[in-house]
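# Commentary on secondary and tertiary structure
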Amino acid sequence: MKKRNKIFITIAIILILILSIGAWFVVDKLNRIDYTNTSAGENVSTEEPLLEDTVDSLEEPEEEEEIVLVSEEEMEALGLTEAKITDMDIFSDSDVFNVLLLGTDERKQNFSTNARADSIMILSIDKENKTMKLVSLARGMGVPILEGQYKGQYDWLTHCFRYGGAELMLKEVQECLRVDVNRYVRVNFDSFADIIDAVGGVDMELTSLEAQGLNGEVRTNAYAKHRMYEGLNHLDGYDALQYSRLRYIDSDWKRIERQRNVIQAVVHKAKDLNLLELNDVANTILPMINTNLTKTEILDLVLFAPNVIGGDIEQMSIPKKGTYGGMKGMGGRNLYAVDFEANATILREFLYEE
C-alpha cells in the first residue's frame, strides 16, 4: 500500500511540474505582447490636421510626388456626392469574433502616436464554422471624425489614427460600418518585415507589371532588394513589405489586395512550421504586437488557431464598387463618399451569413 501511495505521489508531482512548466510557458509568451487597455474613443490626439500627405514616404524615389489616394481623374469619373451615414443596428454573433488589423507607417519597431494606419483590415473568425475572413477597408474612404478637435469634419480613414489612435479607428469602423469590432492588433512597417522573416519568407505569384515595379523598371513607390520575375517568387520580409506597398503600377485597390495575399501566404506558411520553429516565431513576433486583446482572448484564439492555420481565407474590400462617389474633405483632400448603409449591409452578409 505504501509503495502504491508513493507511486501516486510521484505521478502527482510530475503532473504538477508539467502543468507548472506549461503555465510558465504560456505566461512567458503572453507577457511579451504590448497591451493597451483603453477603450474606443479614449486617447484622442490633438495633433494638427495632415495638410501634407506623407503616408508612403518610406524609401521613395527622389521625384516622389505628394500622396494622392483618390485622384482628380477618379473624382471626375465618380462624380461629387455626399457620404450617407446609417443608424442601422450594430449586428453581433457570439460565434463570430472580429479584430481590426492595423499596419501603421512607423519606420522603426517603436510605436508612435504620430502615425497613420497604412493598412486597415477586419479579420473575422467564425468559431462555429471554423473559417476566417479578411476585409480590407480602403484608406481613402471618407469618414466623419467622431472625437477630438476636428469632430464632424471628414477625412481619410487612414488619418484617423493620427487623430485618436487605434481607439478612434475602432470607433470609426464600428459606427460607420455598423460592425461589431472592439479589439485591434497593431504592427508597423518595421515589424511587418521582421514577422515575414520570422516565418522564413513567403512565396508570392507576381504579375509581369508587379515584377517590373519592384525592379524599378516602371514608375513605382516601392523597390525590392532582390531581382523579381513574373511568376512565383520567394520574398523575404523587406521585399514582401515592398510588394504590399506597391501602388503606382495600378491602384490603391490592388495594393490592399496584395496586402491580403501576403497575410494569406503567412497563414499557409505557418502550417509547415514545427514546434521549435513556432516557438522561435512567437518569441520574435509577440514583442512587435500592440493590442487591446486580453490574455484570455489571445489564449482562446491560440487554441482555436489549428482549426484554420493552412486554410484559405475568404476576402473582400470595402467600399464595394458602385456604392461610393467622390467628395472633398479636410485639407482639400479627395475622399471616397461612401454609402455606409449599403456597405454595412454587404459587410454583415459577408461576415455573418454562410
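Use the structure listed above.
First things first, this report covers the structure right here in the doc. Keep in mind that what you see is a predicted model, and the values were worked out from it rather than measured. (Residues numbered from 1 in each chain as written. Predicted model: local features only at pLDDT ≥ 70, side-chain atom pairs only at ≥ 80, totals over all residues. Heavy atoms only, no water.)

## Side note on the sheet that holds strand S2 (residues 96–104)
Stated precisely, the cut-off is as follows: Only strands joined by at least two bridges in the DSSP assignment are considered to pair. Strands are runs of DSSP state E lasting at least 2 residues, helices are runs of H or I lasting at least 4, and numbering of each runs from the N terminus. For this analysis, residues touch if any pair of their heavy atoms sits within 4.5 Å. Note on method: axes are straight lines fitted to C-alpha atoms, helices fitted across the in-contact stretch only, with angles between N-to-C directions ranging 0 to 180 degrees.
Taken in spatial order, the 7 strands make up an open sheet running S1-S10-S7-S2-S3-S4-S11, and their pairing is mixed. Two strands in the sheet have a free side with no partner beyond their single neighbour: strand S1 (34–35) and strand S11 (314–318). Sheet topology note: the S2/strand S3 (residues 117–126) ladder contains 9 bridges and is antiparallel. Of the residues in S3, the one forming a bridge with Thr104 is Ala117. Each of S2, S3, strand S4 (131–137), strand S7 (183–188) and S11 touches helix H3 (residues 160–177); the most contacted strand, S2, lies at about 145° to it. Against the sheet, helix H4 (residues 189–198) makes contact with S2, S3 and S7, and its axis sits at roughly 85° relative to S7, the strand it touches most.

## Section: the packing of aromatic side chains
By convention here, two paired aromatic rings are described through the distance between centres and the angle between planes. To keep things clear, this is the line we draw: Here a Phe, Tyr or Trp ring, Trp counted by its six-membered ring, pairs with any other such ring whose centre lies within 6.5 Å, and the pair is stacked when the planes are under 30 degrees apart, edge-to-face when over 60, and tilted otherwise. Any residue under 20% of the maximum accessible area for its type is buried, any over 50% is exposed, and the rest in between are partly exposed; the area is computed with a 1.4 Å probe on protein chains only. As a reminder, the over-ring test applies to NZ of lysine and CZ of arginine, requiring each to be within 6 Å of the ring centre and within 35 degrees of the ring normal.
Counted according to the given criterion, the structure contains 5 aromatic pairs. Taking 5.4 Å as the distance between ring centres and 40° as the angle between the ring planes, the aromatic pair formed by Trp253 and Tyr336 counts as tilted. Remark: Tyr336 occurs in strand S13 (residues 334–338) and Trp253 occurs in helix H7 (residues 252–270); sequence separation between them is 83 residues. Looking at Trp253, the relative accessible area reads 21%, which means it is partly exposed. Each residue in the set Trp253, Tyr324 and Tyr336 is aromatic and connected to the rest through ring pairs, giving one cluster. When the ring centre of Tyr238 is taken as reference, the NZ or CZ atom of Lys225 above it lies at 4.7 Å.

## Some details on H7
Counting along an α-helix, one turn takes 3.6 residues, and residues three or four places apart therefore face a common direction. The cut-off we apply is this: Here the expected length of a helix is defined as 1.5 Å per residue gap, with one fewer gap than residues. Pairing of N or O atoms within 3.5 Å defines a polar contact, subject to two protein rules: one partner must be a possible hydrogen donor and the other a possible acceptor, and residues neighboring in sequence count only if both atoms are side-chain atoms.
In this model H7 runs 28 Å from its N-terminal to its C-terminal C-alpha over 19 residues, within 8% of the 27 Å that 1.5 Å per residue would give. The set of residues buried in H7 consists of Asp252, Arg255, Ile256, Arg258, Gln259, Arg260, Val262, Gln264, Ala265, Val267 and Ala270. Between the side-chain oxygen of the N-cap and the backbone nitrogen of Trp253 there are 3.3 Å, and the N-cap of H7 in question is Ser251.

## Things to note about the pattern of salt bridges
This is how it is decided: The term salt bridge refers to a pairing of a side-chain nitrogen on Lys or Arg with a carboxyl oxygen on Asp or Glu at a separation within 4 Å.
Applying the stated criterion to the full structure yields 15 salt bridges. With its nearest N and O atoms 4.0 Å apart, the salt bridge here joins Asp252 to Arg255. Of this pair, Asp252 and Arg255 both sit in helix H7, 3 residues apart, which is roughly one turn of the helix. Put simply, Asp118, Arg139, Arg247, Asp252 and Arg255 are held in one network by salt bridges that share partners.

## Section: the nonpolar core
Heads up, the rule is: Residues enter a nonpolar core if they are buried and are Ala, Val, Leu, Ile, Met, Phe, Trp, Tyr or Cys, with the set joined through side-chain atoms within 4.5 Å.
The biggest cluster of nonpolar side chains holds 50 residues, and the ones touching the most others in it are Leu100, Leu102, Val135, Leu137, Met169 and Val179. With 10 residues, H3 is the single largest residue contributor to this core. Non-local contacts of Leu100, meaning those with residues more than four positions away in its chain, are made with Ile120, Met121, Ile122, Leu137, Met169, Leu170, Val173, Val181, Arg183, Tyr184 and Val185. Counting residues in hydrophobic clusters, the runner-up holds 27 residues, among them Phe97, Met121, Ile125 and Ile195.

## Notes on the packing of H4 against helix H8 (residues 275–285)
Angle between the axes and distance between the axes: these two values describe a pair of packed helices. Our working definition: Oblique is the label for any angle not covered by the other classes, which are roughly parallel (under 35 degrees), roughly antiparallel (over 145) and roughly perpendicular (65 to 115). Gly falls in the polar group here, along with every residue not listed as nonpolar (Ala, Val, Leu, Ile, Met, Phe, Trp, Tyr, Cys, Pro) or charged (Asp, Glu, Lys, Arg).
In contact at an axis separation of 9 Å, H4 and H8 are set at 175° when each is read in the N-to-C sense. What the angle tells us is that H4 and H8 run roughly antiparallel. Of the residues in H8, those touching H4 at Asp194, Ile195 and Ala198 are Val281, Thr284 and Ile285. Here the contact of H4 with H8 is built from residues that sort into 4 nonpolar, 1 polar and 1 charged.

## Describing the state of the cysteines
As a reminder, the rule being used: Any two cysteine sulfur atoms lying within 2.5 Å of each other are counted as a disulfide.
By the definition in use, this model includes 0 disulfides. Cys176 provides the cysteine sulfur closest to Cys160, a residue in no disulfide bond, and the two sulfurs are 8.0 Å apart. Residue class for Cys160 comes out buried when judged on its relative accessible area of 0%.

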